[in-house]
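Next come the chains, spelled out residue by residue.
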Amino acid sequence: MNGLDVSGVSFAYGEKQALRDVSFTVAPGRFCALLGPNGAGKSTLFSLLTRLFTTRDGTIKIAGHDLETDARGAMARIGVVFQQSTLDLDLSVRRNLLYFAALHGLGGAQAARRVDEVLEVMDMGTRARERARDLNGGHRRRLEIARALMHDPAVLLLDEPTVGLDAASRAGIVDHVHRLCADRGLTVFWATHLTDEVWPSDQVLILHQGRILADETCADLTQDTDLRDVFLIMTQVAA
Ligand SMILES: Nc1ncnc2c1ncn2[C@@H]1O[C@H](COP(=O)(O)OP(=O)(O)OP(=O)(O)O)[C@@H](O)[C@H]1O
């Protein structure tokens, strides 16, 4: 069973076709980077994967659960980190996580235990009492990832999660999330403009004008050249 299974998905805003027959799978434990220039359809794809939008054209399965026919099962298995932060800055790290746990029906000792676990996973065990506002950008992002892991999802979606972070925080988060794939079998779907966040063994999807132009490992795609150059050439040739 795949982490993500997207088959024949199309979506239009009125006359504007944003996604055209998009199909791909992401195996469990894989890190899949979604690359695309402005207007490629990345946000639209994210909106469909998180059920903000729905479409009759095509099917989406999250860890085997169809988003249309088993929305509850599918959504229970997905964690999402949006581009814009949605932390409550006046609450402590722990309270932010407990609040989210309550939304997922988790309470009491079970929620408290899970808070400790996810903070440990994100190397934030010592920060539980700090106010979110007092964390630096990198740790706020880590907290959002910890929160997305609270309900133990099989799949983690991240929409340009390192925007605005300094190089060291960015590298730390990229490294950490790759390790979650390797150590815990988490399926990661990571949208980015930054090709240096992609590792040679990662799966790369290049989306352009609503179509998938490439779907293979970064190493196979680049053949020892630079991913940024390959990306620019592919999206310019197809323009
Ligand atoms: N609400 C909307 N109404 C009409 N067209 C839209 C709407 N939202 C997006 N589009 C169009 O759909 C296409 C895909 O847009 P989308 O926002 O998904 O791309 P993107 O890859 O996320 O771009 P960016 O990197 O700039 O955020 C674009 O041509 C865009 O202009």
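In the annotation of an unreviewed UniProt entry, the protein chain is listed under the name ABC-2 type transport system ATP-binding protein and assigned to Loktanella salsilacus. The protein chain has a UniProt comment under Sequence similarities (unreviewed entry) that states "Belongs to the ABC transporter superfamily."

Colleague: It is not clear to me how the nonpolar core should be interpreted in this structure. Could you clarify?
Modeller: What tends to happen in soluble globular proteins is that the nonpolar side chains get buried as a cluster. Ranked by size, the top nonpolar core spans 45 residues in total, and within it Leu97, Ile145, Leu149, Leu156 and Val188 carry the most contacts. Taken domain by domain, the makeup of this core includes at least three residues from each of domain 1 (4-77 + 154-237) and domain 2 (88-152). Setting aside anything within four residues of it in sequence, one finds leucine 149 in contact with Arg114, Val118, Val121, Met122, Leu156, Leu180 and Leu186. Residues Leu34, Phe189, Ala191 and Leu207 belong to the second largest nonpolar core, which totals 27 residues.

Colleague: Sorry if this is basic, but what is going on with the pairing of strand β7 (residues 155-159) here?
Modeller: Regular strands show a simple pattern: their side chains alternate between the two faces of the sheet. Buried residues dominate β7, accounting for five of its five residues. Every second residue of β7 is oriented toward a common face, with Val155, Leu157 and Asp159 on one face and Leu156 and Leu158 on the other, all of them buried. Relative to β7, strand β6 (residues 78-81) runs parallel, the two sharing four bridges. In the sheet register, valine 81 faces β7, and the bridge partner there is leucine 158. Taking the sense of rotation as the criterion, the β-α-β connection linking β7, helix α6 (residues 167-184) and strand β8 (residues 187-192) turns out right-handed.

Colleague: Which parts of the structure should I look at to understand the site of the ligand?
Modeller: Close to the ligand lie Tyr13, Lys16, Ala18, Pro37, Asn38, Gly39, Ala40, Gly41, Lys42, Ser43, Thr44 and His193. Residue glycine 39 places a main-chain N or O atom 2.8 Å away from an oxygen atom belonging to the ligand. Here an oxygen atom of the ligand sits 2.8 Å away from a polar atom, N or O, in the side chain of lysine 42. The protein chains hide 61% of the 630 Å² of surface that the ligand would expose on its own. For the shell around the ligand, the secondary-structure elements that each account for two or more residues are β2 (16-26) and α1 (42-49). For the shell around the ligand, the element with the most residues is α1, which contributes three residues. A class-by-class count of the residues in the shell around the ligand yields four nonpolar, six polar and two charged.

Colleague: How do you make sense of the UniProt feature "domain: ABC transporter" (unreviewed entry) in the protein chain when you look at a structure like this?
Modeller: In the numbering used here, UniProt assigns the feature "domain: ABC transporter" (unreviewed entry) to residues 4-234. In this annotation, residues 4-234 is assigned 35% helix and 26% strand; the end-to-end C-alpha distance for the span is 25 Å.

Colleague: Whenever I open this one, the packing of aromatic side chains confuses me. Can you help?
Modeller: Centre-to-centre distance and the angle between the planes together describe a pair of aromatic rings. Applying the stated criterion across every chain, the model contains six aromatic pairs. Their ring planes at 85 degrees and their centres at 6.0 Å tell us that tyrosine 13 and phenylalanine 53 sit as a pair that is edge-to-face. Of this pair, tyrosine 13 sits in strand β1 (residues 4-13) while phenylalanine 53 sits in the loop between α1 and β4 (59-62), placing them 40 residues apart in sequence. With a relative accessible area of 41%, tyrosine 13 lands in the partly exposed category.

Colleague: Is there a simple way to think about the environment of glycine 164 in this case?
Modeller: Its place among the elements puts glycine 164 in the loop between β7 and α6. For glycine 164 and serine 43, which are 121 residues apart along the polypeptide, the C-alpha to C-alpha distance reads 18 Å.

Colleague: Is there a simple way to think about unusual backbone geometry in this case?
Modeller: With the exception of glycine, the majority of residues adopt a negative phi angle, and the majority of peptide bonds are in the trans configuration. Although it is not a glycine, alanine 63 sits at a positive phi angle of roughly 45 degrees. Among the structural elements, alanine 63 can be located in the loop between β4 and β5 (65-66). Within the chain, aspartate 152 stands out as a residue other than glycine whose phi angle is a positive 55 degrees. Secondary-structure assignment places aspartate 152 in the loop between α5 (137-148) and β7.

Colleague: Explanation requested: the domain arrangement of the protein chain in the structure shown.
Modeller: How big an interface is tends to be stated in terms of accessible area lost as the parts join. Split into domains, the protein chain comes out as domain 1 (4-77 + 154-237) and domain 2 (88-152). Inter-centroid distance (C-alpha atoms) of domain 1 to domain 2 is 25 Å. On the side of domain 2, 12 residues touch domain 1, which itself brings 17 residues to the contact. Summed over both sides, the interface of domain 1 with domain 2 buries roughly 1,100 Å², with 66% coming from carbon and sulfur. Counting the contacts that link domain 1 with domain 2 gives zero salt bridges. If you look at where domain 1 meets domain 2, you find three residue pairs in polar contact (both at pLDDT 80 or more). Looking at the side of domain 1 that touches domain 2, the elements that each hand over two or more residues are α2 (71-76), β7 and α6. Among the elements that take part in the side of domain 1 that touches domain 2, α6 stands out by supplying seven residues, more than any other. Classifying every residue of the side of domain 1 that touches domain 2 gives 11 nonpolar, three polar and three charged.

Each value, and the rule that gives it
Residues numbered from 1 in each chain as written. Predicted model: local features only at pLDDT ≥ 70, side-chain atom pairs only at ≥ 80, totals over all residues. Heavy atoms only, no water. UniProt positions renumbered as here; feature names shortened; annotations may be inferred. Core = buried A, V, L, I, M, F, W, Y, C linked by side-chain atoms within 4.5 Å. Buried < 20%, exposed > 50% of the residue type's maximum accessible area, 1.4 Å probe, protein only. Domains from an automatic or database assignment. Contact = heavy atoms within 4.5 Å. Helix = DSSP H or I, 4+ residues; strand = E, 2+ residues; numbered from the N terminus. Pairing = 2+ DSSP bridges. Right-handed = clockwise from strand over helix to strand, strands pointing away. Near = heavy atom within 4 Å. Polar contact = N/O pair within 3.5 Å; in protein donor to acceptor, adjacent residues only side chain to side chain. Areas by Shrake-Rupley, 256 points an atom, 1.4 Å probe, with all protein chains shown as cover. Nonpolar A, V, L, I, M, F, W, Y, C, P; charged D, E, K, R; others polar. Phe/Tyr/Trp six-rings, centres within 6.5 Å; stacked < 30°, edge-to-face > 60°. Buried area = accessible area lost by both parts, 1.4 Å probe. Salt bridge = Lys/Arg side-chain N within 4 Å of Asp/Glu carboxyl O.

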